[in-house]
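Coordinate inspection notes
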Amino acid sequence: APAPSAPPPAAALGGAAVAVQGTKGPTYVYKRGEPFDVEVAVANKGFLYCYLIDDNKDVVQFFPNPAQASAAVAAGQRMLFPGRFPFQLLASAKGATETVACFTTAQDLGPNVAVAKSVRDVAALRQAISQRAGSPVEVGVFDVKTQ
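Quantities reported herein were computed from a predicted structural model and do not represent experimental measurements.

**Some remarks on the overall build of the protein chain**
Counting its secondary structure elements, the protein chain contains two helices and 10 strands. For the protein chain, buried positions account for 42% of its 147 residues. The long-range fraction of contacts in the protein chain, counting pairs at least 24 apart against all pairs at least 6 apart in sequence, stands at 71%. Of the accessible surface of the protein chain, which amounts to about 7400 Å², a share of 54% is contributed by carbon and sulfur atoms.

Rendered as structure tokens:
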């Protein structure tokens, strides 16, 4: 399980409650099928849920996961995905843009927050998570651009 690290500088969060960025920088364009890592920084204590919206618009939760079932995060915590987790994130084999979206909630929604098959973009996913949480959620997004 990833250990909490020092709180990120305010500039790293850009004032956002949840910041998601690729470790190769915001303008990096990935090769088809290239593995990638994302860093997630949270400003506030809460519960973190991260998803990949793939090139088929399928929504797949990758955190929490069987290797770390708890979604709890501390204020200022940073996490690297996949990092030491036993999975890979791969850029689209089709060359399409995929999206990583991470949400924080005030309450624990459990380890597996399934969403309806009709949820196929960040806006619909945010609405589904907000409804499940019973309150607004914070979201951070990273678009995985592929050529």
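Still more to cover.
**Description of the packing of aromatic side chains**
Across all of its chains, the model carries nine aromatic pairs by this definition. Measuring from ring centre to ring centre gives 5.7 Å for Phe81 and Phe85, while their planes differ by 15°; the resulting arrangement is stacked. An aromatic cluster of at least three residues, connected via ring pairs, comprises Phe62, Phe63, Phe81, Phe85 and Phe87.

**Examining the environment of Pro86**
You can see Pro86 is positioned in the loop between strand 7 (78–81) and strand 8 (89–90). Separated by 19 residues in the primary sequence, Pro86 and Ala67 place their C-alpha atoms 7.5 Å from one another.

**Considering the nonpolar core**
Core analysis: the biggest nonpolar cluster contains 22 residues, and Phe36, Val40, Leu48, Phe81 and Val100 have the highest contact counts within it. With sequence-adjacent residues up to four places away left out, Val100 is seen in contact with Val20, Phe36, Val38, Tyr51, Leu52, Phe62, Gly140, Val141, Phe142 and Val144. Membership of the second largest hydrophobic core comes to 14 residues, among which are Phe47, Tyr49, Ala71 and Val113.

About the criteria used
- Residues numbered from 1 in each chain as written.
- Predicted model: local features only at pLDDT ≥ 70, side-chain atom pairs only at ≥ 80, totals over all residues.
- Heavy atoms only, no water.
- Helix = DSSP H or I, 4+ residues; strand = E, 2+ residues; numbered from the N terminus.
- Buried < 20%, exposed > 50% of the residue type's maximum accessible area, 1.4 Å probe, protein only.
- Contact = heavy atoms within 4.5 Å.
- Areas by Shrake-Rupley, 256 points an atom, 1.4 Å probe, with all protein chains shown as cover.
- Phe/Tyr/Trp six-rings, centres within 6.5 Å; stacked < 30°, edge-to-face > 60°.
- Core = buried A, V, L, I, M, F, W, Y, C linked by side-chain atoms within 4.5 Å.

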